[in-house]
Amino acid sequence: TIRAEVEYPYIQISDLRADSVSCQPLSMVWAQCQVDAVNELFQGEVAHTEREFQAAIGIDQKKKLVKELTPFQFNFGTAA
């Protein structure tokens, strides 16, 4: 479960919990979900490429720009 409390223009993930069979320590889940890096991105200014992506029209233009965005993986430790 991801829960967020948002105050414009500031976003910060402050709590992260995962209900699963394998109970992992919160610190491990925090690291696997790259929360510190996500919080750092949220605290910064919106990049020019992020604004371009948001304004892009059409799948081809978005496909081109998405490669320039910062990717994050949220690893909840579950298998399909």
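Residues numbered from 1 in each chain as written. Predicted model: local features only at pLDDT ≥ 70, side-chain atom pairs only at ≥ 80, totals over all residues. Heavy atoms only, no water.

**Observations concerning the packing of aromatic side chains**
Both the distance between ring centres and the angle between the ring planes are used here to describe each pair of aromatic rings. Which entries qualify depends on this criterion: Only Phe, Tyr and Trp rings take part, Trp by its six-membered ring, and two of them pair if their centres are within 6.5 Å. Stacked means planes under 30 degrees apart, edge-to-face means over 60, and tilted covers everything else. A ring is considered to have a charge above it if a Lys NZ or an Arg CZ atom is located within 6 Å of its centre and within 35 degrees of its normal.
With the rule as written, the count across this model stands at zero aromatic pairs. Lying across the ring of Phe-53, Lys-62 places its NZ or CZ 4.4 Å from the centre.

**Section: the packing of helix 3 (residues 48-55) against helix 4 (residues 59-66)**
Inclusion rule: Axis lines are fitted through C-alpha atoms, for helices just across the contact stretch, and the angle between N-to-C directions can take any value from 0 to 180 degrees. Under the scheme used here, helices are H or I runs from DSSP no shorter than 4 residues and strands are E runs no shorter than 2 residues, and both carry numbers assigned from the N terminus. The labels follow the angle: roughly parallel below 35 degrees, roughly antiparallel above 145, roughly perpendicular from 65 to 115, and oblique for the rest. A crossing counts as left-handed when the near helix is turned anticlockwise from the far one by less than a right angle, and as right-handed when that turn is clockwise. Contacts are residue-level and defined by heavy atoms, with any inter-residue pair within 4.5 Å sufficient.
Contact geometry of helix 3 with helix 4 gives a least axis separation of 9 Å together with a crossing angle of 160 degrees. The angle between helix 3 and helix 4 falls in the class roughly antiparallel. Where helix 3 crosses over helix 4, the two elements pack in a sense that is left-handed. Facing Glu-52, Phe-53 and Gln-54 of helix 3, the residues of helix 4 in contact are Lys-62, Leu-65 and Val-66.

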